[in-house]
Amino acid sequence: MKLFKKTKKETNKHQDALNELMKVMSRERVLTAVEDRICYSYDGTKQKALPDIVVRPENTTDVSNTLKIANKYEVPICARGAGSGLTGGAVPLMGGIVFDLKNMNRIIEICPDDFVATVEPGVVTKQLQDEVAKFDLFYPPDPSSAAFSTIGGNVAECAGGITGLKYGVTRDYILALEIVLPDGSVINTGRKAGYDLTRLFTGSEGTLGIFTKITVKLIPKPEKIQTLAAYFSNKDDAIDAADLIIDNNILPRTLEFLDQMTINAVRGYTGADIDEEVKALLLVDIDGTEESIGHEMPIIENACRESKAFRTKVADTAKERDAIWASRRSISPALYNIAPHKINEDICVPRSKIKEILRRVDQIKEGQPIYIANFGHIGDGNIHVNIMYSDDPGQEALAEIIVNKVMKEVVALGGSISGEHGIGNKKSQFMELEVPPQEYEIMKRFKSYFDPKGIMNPGKMFI
Ligand SMILES: Cc1cc2nc3c(=O)[nH]c(=O)nc-3n(C[C@H](O)[C@H](O)[C@H](O)COP(=O)(O)OP(=O)(O)OC[C@H]3O[C@@H](n4cnc5c(N)ncnc54)[C@H](O)[C@@H]3O)c2cc1C
């Protein structure tokens with residue numbers, strides 16, 4: 001557990017801030033007991049850092065009051081949704097205040113006539129998806145963490161997910177934001193005139209302000225979904241099949257890829273009925289009307305066969321569909337059967353470079369006593385490169401060296417260090433690989449304009 005060592009002056013400031021907070025917030029909304037604070041010290045990475053104070057706001061006024069106090073005493077603030085982030089965003093590296101936004105979880109309004117919904121940041125993604133589905137509407141961003149991640153966290157990370165190829169990512173569905181700035185003032189974005197502040201704040205990872213209301217765009221819910229699994233004897237054939245499907249002018253709802261290491265892990269973990277000779281797997285969902293699906297599915301099956309799939313399986317019932325997707329859903333826990341530690345890099349390259357980046361990853365791994373499992377959203381070039389390592393001495397350092405090399409290759413191929421998980425502190429060291437100096441400087445200037453005292457999620461995004 002990392003304990004940020006404070007100077008005496010900083011300790012006094014924290015105490016003054018706490019005294020003032022107690023005057024404006026009800027007691028049960030401010031936690032200071034160690035056992036409470038430990039629950040807010042981690043996220044989906046294995047990092048831990050203990051906050052000094054946890055504040056659980058109920059509304060925008062609570063957020064604003066807390067920020068005014070934090071700003072006055074220069075106490076760091078780290079927003080937290082569900083803490084499922086994979087780059088350290090919700091870990092309070094410098095101590096200070098953690099904002100637990102889970103109590104701000106009301107769906108304020110769903111307007112079926114306008115295809116919009118307004119929610120508080122603590123609403124769980126799946127809850128929003130389910131509620132709008134009751135109106136035959138669809139909120140497409142679908143991170144694999146949808147069952148527990150929050151909309152606030154999704155906006156802050158610009159979360160992607162399995163539907164990105166056809167429907168885009170969180171950014172594409174955010175119409176307006178209510179944001180509390182570090183000085184406690186409240187702004188509303190989403191106006192047509194002027195600069196697009198909504199886009200600036202989407203993906204800002206809690207470093208510029210706190211979202212307290214989020215207005216999202218909805219679209220009509222597709223009538224039907226159909227799923228296909230295609231089994232290949234090598235990964236290049238599976239990648240060819242994915243290309244051929246898209247070349248046939250079909251944009252699947254999801255187009256997921258699993259490599260041999262991932263398949264082996266899943267087979268071992270779930271006992272899934274996947275033959276030993278399967279070395280790569282494509283999972284394809286298409287959605288639309290009965291007619292469009294009837295037209296597209298045979299073309300997809302053909303594309304897979306032309307690319308040497310030795311078997312394809314179309315799920316006809318919800319049960320069969322679920323069985324196919326169970327393999328994909330089990331990847332995360334299954335990988336821990338390979339080794340106890342994992343670095344999950346969500347690299348992204350142009351689709352035409354997927355074969356090449358996987359070849360380079362193989363080359364980097366060659367002869368190294370470490371495992372790498374690759375899977376992910378092949379349709380949008382977003383591959384999760386999972387470096388699995390043991391407790392043996394030197395393994396963690398070796399994993400970090402491999403990550404470093406992979407990142408360089410990704411950027412050399414015109415790709416991005418993060419397709420969807422954000423930067424946090426885990427990837428801040430790679431920012432300058434991808435972002436040229438002038439753009440990097442502009443980003444830092446935005447940060448210091450909005451947050452001149454540097455209290456918003458310090459230690460994240462920039463080194
Ligand atoms: C098993 C698993 C699968 C995953 N699959 C995907 C996937 O498919 N696609 C994907 O993109 N990600 C995925 N993730 C990563 C993670 O779920 C996403 O990044 C998600 O958006 C984080 O949401 P959260 O509510 O947990 O946010 P947290 O982890 O609590 O916070 C994330 C960041 O958002 C900031 N933040 C949170 N709320 C606010 C707010 N209201 N205002 C301002 N800043 C805020 C935090 O300070 C932090 O920087 C996965 C994670 C896991 C564990």
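In short, a report on the structure. (Residues numbered from 1 in each chain as written. Predicted model: local features only at pLDDT ≥ 70, side-chain atom pairs only at ≥ 80, totals over all residues. Heavy atoms only, no water.)

## Some words on the pattern of salt bridges
Here is step 1 of the chain: Evaluation of the coordinates by the stated rule reveals 28 salt bridges.
Here is step 2 of the chain: We note a salt bridge from Glu356 to Arg360, for which the minimum N-O separation is 2.7 Å. Placement of the pair is Glu356 and Arg360 together in helix H13 (residues 354-365), with a separation of four residues, close to one helical turn.
Here is step 3 of the chain: For Glu356, a relative accessible area of 22% gives the class partly exposed.
Here is step 4 of the chain: Taken together, the shared-partner salt bridges connect Glu356, Arg359, Arg360 and Glu409 into one network. (Salt bridge = Lys/Arg side-chain N within 4 Å of Asp/Glu carboxyl O. Helix = DSSP H or I, 4+ residues; strand = E, 2+ residues; numbered from the N terminus. Buried < 20%, exposed > 50% of the residue type's maximum accessible area, 1.4 Å probe, protein only.)

## Observations concerning the environment of Lys426
Here is step 1 of the chain: Looking at where Lys426 falls in the secondary structure, it is placed in the loop between helix H14 (395-412) and helix H15 (431-434).
Here is step 2 of the chain: Taking the C-alpha atoms as reference points, Lys426 and His14, separated by 412 residues in sequence, lie 27 Å from one another.
Here is step 3 of the chain: If we ignore the near neighbours within four places in the chain, the residues touching Lys426 are Thr45, Gln47, Thr87 and Gly88. (Contact = heavy atoms within 4.5 Å.)

## Some thoughts on the packing of aromatic side chains
Here is step 1 of the chain: Per the stated rule, a full pass over the model turns up five aromatic pairs.
Here is step 2 of the chain: Ring centres 5.2 Å apart and planes at 90 degrees place the aromatic pair Phe138 and Tyr167 in the edge-to-face group. Taken together, the residues Phe138 in strand S7 (residues 137-138) and Tyr167 in helix H6 (residues 164-167) connect sequence positions 29 residues apart. Each member of the pair Phe138 and Tyr167 is classed as buried.
Here is step 3 of the chain: On the basis of an interplanar angle of 80 degrees and a centroid distance of 5.6 Å, the ring pair of Tyr440 and Phe462 is categorised as edge-to-face. Taken together, the positions of Tyr440 in helix H16 (residues 437-450) and Phe462 in the segment after H16 put the pair 22 residues apart, joining distant regions of the chain.
Here is step 4 of the chain: Taking the relative accessible area as the measure of exposure, Tyr440 reaches 6% and is therefore buried. (Phe/Tyr/Trp six-rings, centres within 6.5 Å; stacked < 30°, edge-to-face > 60°.)

## Focus: the pairing of strand S18 (residues 382-389)
Here is step 1 of the chain: Most of S18 is tucked away: eight of the eight residues are buried.
Here is step 2 of the chain: Side chains of S18 alternate between two faces, with Asn382, His384, Asn386 and Met388 and Ile383, Val385, Ile387 and Tyr389 buried alike.
Here is step 3 of the chain: The sheet contact formed by strand S17 (residues 371-377) and S18 spans seven bridges and is antiparallel. Residue pairing in the sheet places Asn374 in a bridge with Val385 of S18.
Here is step 4 of the chain: Hairpin connection between S17 and S18: a loop of four residues separates the two successive antiparallel strands, and Gly381 in this loop has a positive phi of roughly 75 degrees. (Pairing = 2+ DSSP bridges.)

## Details of the side chain of His341
Here is step 1 of the chain: Take His341: it is sitting in strand S16 (residues 341-348).
Here is step 2 of the chain: Residue His341 is classed as buried on the basis of its relative accessible area of 18%.
Here is step 3 of the chain: A polar contact is formed between the side chain of His341 and the side chain of Lys46, at a distance of 3.4 Å.
Here is step 4 of the chain: Side-chain polar atoms of His341 contact the side chain of Asp391, separated by 2.5 Å.
Here is step 5 of the chain: Discounting chain neighbours no more than four positions away, the residues touching His341 are Lys46, Ile387, Met388, Tyr389, Ser390 and Asp391. (Polar contact = N/O pair within 3.5 Å; in protein donor to acceptor, adjacent residues only side chain to side chain.)

## Quick notes on the nonpolar core
Here is step 1 of the chain: By size, the foremost hydrophobic cluster in this structure holds 55 residues, and its most contacted members are Phe232, Leu255, Leu282, Ile300, Cys304, Ile378 and Ile387.
Here is step 2 of the chain: Counting residues per element, this core draws most heavily on H14, which supplies seven residues.
Here is step 3 of the chain: Not counting chain neighbours up to four residues away, the residues in contact with Cys304 comprise Leu228, Ala230, Phe232, Ala241, Ile245, Ala309 and Thr312.
Here is step 4 of the chain: Core analysis: the second largest hydrophobic core is formed by 26 residues, Val123, Leu128, Tyr139 and Val216 among them. (Core = buried A, V, L, I, M, F, W, Y, C linked by side-chain atoms within 4.5 Å.)

## A look at unusual backbone geometry
Here is step 1 of the chain: With a phi angle near 55 degrees, Glu74 is a residue other than glycine that sits in the positive phi range.
Here is step 2 of the chain: Backbone geometry at Cys158 places phi at a positive 50 degrees, although glycine is not the residue there.
Here is step 3 of the chain: With respect to the element layout, Cys158 can be found in the loop between helix H5 (151-157) and H6.
Here is step 4 of the chain: The class of Cys158 is buried, set by a relative accessible area of 8%.

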